[in-house]
Number of protein chains: 2
Amino acid sequence: MGITPTLDGLEVTWIKSITFMIKFVNLDCKSKVMKNIVYLFILFFALLSCNENKETPALNSTTTDNSDPLPSWKAGKTKQAILNYVSEVTNEGDKFVPIMDRIAVFDNDGNLWSEQPMYFQLFFAIDRVKELAPQHPEWKLKQPFKGVLENDMKAVFSEGEHGLLELVMASHGGNTVDEFEQIVSNWLKTAMHPRFDKPFTDLVYQPMLELINYLKANEFKVFIVSGGGIEFMRPWVEEVYGIPRDQVIGSSIKTKYDYNDGNPVIRRLPELNFIDDKEGKPEGINQYIGRKPVFASGNSDGDLQMLRWTNSNTLPNFKLYLHHTDSVREWAYDRTSSIGRLDKGLDEANEKGWTVIDMKNDWEVVYPFELKR
Amino acid sequence: MGITPTLDGLEVTWIKSITFMIKFVNLDCKSKVMKNIVYLFILFFALLSCNENKETPALNSTTTDNSDPLPSWKAGKTKQAILNYVSEVTNEGDKFVPIMDRIAVFDNDGNLWSEQPMYFQLFFAIDRVKELAPQHPEWKLKQPFKGVLENDMKAVFSEGEHGLLELVMASHGGNTVDEFEQIVSNWLKTAMHPRFDKPFTDLVYQPMLELINYLKANEFKVFIVSGGGIEFMRPWVEEVYGIPRDQVIGSSIKTKYDYNDGNPVIRRLPELNFIDDKEGKPEGINQYIGRKPVFASGNSDGDLQMLRWTNSNTLPNFKLYLHHTDSVREWAYDRTSSIGRLDKGLDEANEKGWTVIDMKNDWEVVYPFELKR
């Protein structure tokens, strides 16, 4: 595929629109409208659901040999800090942490899989509107749908908050959790990431898969704590990360049980339930887990409250930030990015001595497919 | 202790008040006000919280020998139905259920521990108001607090919904989750059940502890799904049931993260978040677990939607109702009880062939302390 590693080289019309949108976003980055748009990205995330049965082992998880549980991590202080912490808290001594307290929490977008050029769930939302369009001929004439159908993201965003909210409700609501699970699963089977031309679930980070497995092997209970939609994640996290779906916390919409004449269903309502971002992360951790983590891993300012909450644990704890520094293999962004901004968090990590992953220099490989080369 | 096994024989003033309240409830049972009062019982339940670190194995869990995993269950069709189901779904065959799908859900009040003469959490609420009274001299003159302080439950209930809500907010709000955990833990150490003069956590059902352990041994993941307050249960369920606190679903109030000048806390707000009863149970299961159970155990009409939801699983599934038929060792109540009413559920269980435990005849012992005699 002749796709260059930067967005500039992309030629397909649809991709051009996305690129335009991203540029638009960057241009207008300091305005209040932009702040609201970023907030609404999270709304998009909140609107995804599912409930199905599937038993699947973790894919892409490298079998680690005994000598190195983290083979895709380069030797250095980051890797050593992780190894030291896990060793200290699992061996009897003054830093020992009982198994029941070994709670590890991981952000998802930009932390376990990529989040550029926009949150993957937003690709889903756009595709979903296009898929539903034949049932809504009125959308051809009505913004923000018209903009989506004509790949005119400028028109979409010019509708402001209200327009984006309309898009979200139309693309994610009005089905049961079972139906939604199927919709997400089907989408993941065919949708391709524009830069890599690979399924989105191929763009998970190999070193993080190894870290999850390493923690699990040391009897940590690993949870995902993401701003993304809880029911957008559940259909695939077991297969991709090896994390059970009841160990996923995310943003959600309200649902309603319906007896449905003896065939009970849970319906998804177009009403926000919970935003699992910033302050919402410790609140969600308390609501779902009921115990303060000892290990927290994130990549943006939206994870800062979760890391602070973990840092306040009286037991020995570990805070990990992933810094996107690799413009060649992945992306390089931090303090000014409208998606996954890492600014205050980076300052606090440096100030408090939290561990920061330098993606470019700390990771031997980024994606699992690099291993197969 | 000269306490007879029926309420009529109780003599202590405080107990008399409780008895009066129960009678009052029964007298007025068909009125709309009563319906609201029962609803408000659930509000009480919603208001309890905590977050602390403790590693504790399941107490009271009888070591089962290889020949009989359920020694406190009498031989008979109920016990056999449970053994048959677990055997069928865990051995390869057309009824096999993959491990990841082995989700079991248990109601708590009246199902894992007793719920008479009133929900144990309501004893906590009343004690809490009394404990806080010195800081609120105005309560001596103000209902419903005056009623609680004077053990005049009639006066309390005559205040109606608003009064009970006041009681709930005053007795459960205004602290952090850590503080609330400590309050609940301390209460459980000293509070005694009026009939048995034992700690409330002694009044768990030995046969159900064995069932939980049996399911866990067969790689079921066991969750509590209770109308009770999630943060009222979490401080003790690990120790008493051997169920991790992240596998507890219950009613909850809203919480708010506060950075608190570098000492982050989660504060409990006097605002309802979620009622985990009736339709709320399948909704809660979807929200927390994200997968339909194959095994559901309850004791009241409030569990019916959870059992129906489980019954709609395409995998082989098991629905279990506990029928309180033992007026000597525990209590006997069903269709007309204001607490733990089992009416529609009993009809549906009979109609659909769900398994119903006859407490009096199916259980060798009820409480773990009977084993020590």
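Residues numbered from 1 in each chain as written. Chains lettered and ligands numbered in written order. Predicted model: local features only at pLDDT ≥ 70, side-chain atom pairs only at ≥ 80, totals over all residues. Heavy atoms only, no water.

> A description of the interface of chain A and chain B should follow, citing residues and the corresponding values.
At the interface, 51 residues of chain A touch 51 residues of chain B. Between chain A and chain B the total buried area reaches about 4,300 Å² when both faces are included, carbon and sulfur atoms providing 45% of it. Along the contact surface separating chain A from chain B lie four salt bridges. B:E238 serves as the salt-bridge partner of A:R291, at 2.9 Å between the closest nitrogen and oxygen. Here chain A and chain B share 22 residue pairs in polar contact (both at pLDDT 80 or more) between them. Counting residues per element, the ones that place at least two in the side of chain A that touches chain B are α8 (177–190), β2 (221–229), α10 (230–241), β3 (248–258), β4 (265–274), α11 (280–288), α12 (304–311) and α13 (344–352) of chain A. Considering every element that reaches the side of chain A that touches chain B, the biggest residue donor is α11(A), with five residues. Residue composition of the side of chain A that touches chain B, grouped by class: 18 nonpolar, 14 polar and 19 charged. (Contact = heavy atoms within 4.5 Å. Buried area = accessible area lost by both parts, 1.4 Å probe. Salt bridge = Lys/Arg side-chain N within 4 Å of Asp/Glu carboxyl O. Polar contact = N/O pair within 3.5 Å; in protein donor to acceptor, adjacent residues only side chain to side chain. Helix = DSSP H or I, 4+ residues; strand = E, 2+ residues; numbered from the N terminus. Nonpolar A, V, L, I, M, F, W, Y, C, P; charged D, E, K, R; others polar.)

> Now, about the packing of aromatic side chains: what can you tell me, with residues and values included?
Residues and elements named next belong to chain A. Applying the stated rule across the entire model yields 51 aromatic pairs over all chains. Ring geometry for F124 and F232: centres 5.4 Å apart, planes at 50°, overall tilted. Of this pair, F124 sits in helix α4 (residues 120–132) while F232 is found in helix α10, placing the two residues 108 residues apart along the sequence. Pair check on accessibility: F124 and F232 agree, each one buried. One cation-aromatic arrangement involves K292 over W309; the distance from NZ or CZ to the ring centre is 4.2 Å. (Phe/Tyr/Trp six-rings, centres within 6.5 Å; stacked < 30°, edge-to-face > 60°. Buried < 20%, exposed > 50% of the residue type's maximum accessible area, 1.4 Å probe, protein only. Lys NZ or Arg CZ within 6 Å of the ring centre and 35° of its normal.)

> Mind laying out the nonpolar core, listing which residues take part and the relevant values?
Counting 190 residues, the largest nonpolar core has A:L211, A:Y241, B:L211 and B:Y241 as the members making the most contacts within it. Inspection of this core shows a minimum of three residues originating in each of domain 1 (13–48 + 119–173) and domain 2 (77–117 + 202–251 + 274–372) of chain A. (Core = buried A, V, L, I, M, F, W, Y, C linked by side-chain atoms within 4.5 Å. Domains from an automatic or database assignment.)

> Could you give me a rundown of helix α9 (residues 206–217) of chain B, with the residues and numbers involved?
All names here are of chain B. With twelve residues, α9 ought to run about 16 Å at 1.5 Å a step, and its terminal C-alpha atoms sit 17 Å apart, in line with that. Counting buried residues in α9 gives nine out of twelve residues, a clear majority hidden from the surface. Listing the buried residues of α9 in full gives Q206, P207, M208, L209, E210, L211, I212, Y214 and L215. Where α9 ends, the next residue or the one after it, E219, has phi of about 65°, a positive value. (Expected span 1.5 Å × (residues − 1).)

> Residue-level account of the relation of the copies chain A and chain B, with values.
In this structure, two copies of a chain are linked by a rotation about an axis accompanied by a shift along it. Of the transformation superimposing chain A on chain B, the axial component is 0.0 Å and the angular component is 180°, with the fit at an RMSD of 0.0 Å. On the angle and the small slide along the axis, the relation comes out as a two-fold axis. Of the C-alpha atoms belonging to chain A, the one lying closest to the rotation axis is found on A:Y288, 3.4 Å away. A high fraction, 100%, of the interface residues of chain A reappear at the interface in chain B, so the copies pair face to face through one surface. (Least-squares fit on C-alpha atoms with pLDDT ≥ 70 in both.)

> Please provide a residue-by-residue account of the environment of B:G353, values included.
All names here are of chain B. Within the fold, G353 resides in the loop between α13 (344–352) and β8 (355–358). Note on G353: relative accessible area 59%, which makes it exposed. In this structure, the C-alpha to C-alpha distance between G353 and V156, residues 197 residues apart in sequence, is 42 Å.

> I'd like a rundown of the pattern of salt bridges, residues and numbers included.
All told, the structure shown has 34 salt bridges over all chains when counted by the stated rule. In this structure, A:D101 and A:R291 form a salt bridge, with 3.1 Å as the shortest nitrogen-oxygen distance. Of the two residues, A:D101 is situated in the loop between α3 (77–90) and β1 (103–106) and A:R291 in the loop between α11 and β5 (295–298); the sequence distance between them amounts to 190 residues. For the salt bridge of A:K221 with B:D246, the shortest nitrogen-to-oxygen distance reads 2.8 Å. Note that A:K221 is positioned in strand β2 and B:D246 in the loop between α10 (230–241) and β3 (248–258), a pairing that runs across two chains. Taking the relative accessible area as the measure of exposure, B:D246 reaches 7% and is therefore buried. Residues joined by salt bridges that share partners form a network here, namely A:D101, A:R291, B:E181, B:E238 and B:R245.

> I'd like a description of the environment of B:Q80, backed by residues and values.
Mapped onto the elements of the fold, B:Q80 is located in helix α3 (residues 77–90). Measuring from C-alpha to C-alpha, the distance between B:Q80 and B:H172 comes to 43 Å, with 92 residues separating the pair along the chain.

> Kindly report on the confidence of the model for chain A, identifying the contributing residues and their values.
Caution is warranted with low-pLDDT regions, since their predicted coordinates should not be read in detail. Residue and element names in this part refer to chain A. Scored by pLDDT, chain A comes out at a mean of 85, with 81% of its residues at no less than 70. Confidence over residues 1–31 falls short of pLDDT 50; this stretch has 41 contacts with residues more than four positions distant or in other chains. Counting interchain partners and residues more than four positions distant, the pLDDT-below-50 stretch residues 44–64 has 109 contacts. This complex was scored by the predictor with a pTM of 0.84 and an ipTM of 0.83. (pLDDT = per-residue confidence, 0-100.)

> Quick rundown of the packing of α8(A) against α10(A)? Include the residues and the values.
All names here are of chain A. In the contact formed by α8 and α10, the axes pass within 9 Å of each other and the chain directions differ by 65°. For the pair α8 and α10, the crossing hand works out as right-handed. In this structure, α8 contributes V177, F180, E181, V184, S185, W187 and L188 to the contact, and α10 contributes E231, F232, P235 and W236. A class-by-class count of the residues in the contact of α8 with α10 yields eight nonpolar, one polar and two charged. (Axes fitted to C-alpha atoms, helices over the stretch in contact; angles between N-to-C directions. Left-handed = near helix turned anticlockwise from the far one by under 90°.)

> Pulling in residues and values, what's your account of unusual backbone geometry?
Note the cis peptide between A:Q116 and A:P117, where omega equals 0°. Along the chain, A:P117 turns up in the loop between β1 and α4. Cis geometry is adopted by the peptide bond preceding A:P144, which originates at A:Q143 and carries an omega value of 5°. Relative to the helices and strands, A:P144 is located in the loop between α4 and α5 (145–149). For A:N151, which is not a glycine, the phi torsion comes out positive at approximately 55°. Examined against the element boundaries, A:N151 turns out to sit in the loop between α5 and α6 (153–158). Classification of A:N151 as partly exposed rests on a relative accessible area of 22%. One non-glycine residue with positive phi stands out, namely B:E219, at about 65°. As for its position among the elements, B:E219 is in the loop between α9 and β2 (221–229).

> How would you sum up the side chain of B:Q305? Please name residues and give values.
You can see B:Q305 is positioned in helix α12 (residues 304–311). Those residues within four positions of B:Q305 in sequence are excluded, and the remaining contacts are A:Y257, B:K278, B:E279 and B:P282.

> How would you summarise α10(B) if you had to cite specific residues and measurements?
Residues and elements named next belong to chain B. When you tally the buried positions in α10, you get eleven out of twelve residues, the bulk of the element. Of all the residues in α10, the buried ones are I230, E231, F232, M233, R234, P235, W236, V237, E238, V240 and Y241. One or two positions beyond α10, positive phi appears at G242, with a value near 70°.

> Mind laying out the pairing of strand β5 (residues 295–298) of chain B, listing which residues take part and the relevant values?
Residue and element names in this part refer to chain B. Because side chains alternate across β5, one face comprises the buried residues F295 and S297, and the other comprises A296 and G298, equally buried. Alignment of strand β1 (residues 103–106) against β5, held across three bridges, turns out to be parallel. Each residue of the ladder has a partner; that of V105, found in β5, is A296. Sheet topology note: the β5/strand β6 (residues 318–325) ladder contains four bridges and is parallel. Opposite G298, over in β6, you have Y321 as the bridge partner. With respect to chirality, the unit in which β5 leads through α12 into the neighbouring parallel β6 is right-handed. (Pairing = 2+ DSSP bridges. Right-handed = clockwise from strand over helix to strand, strands pointing away.)

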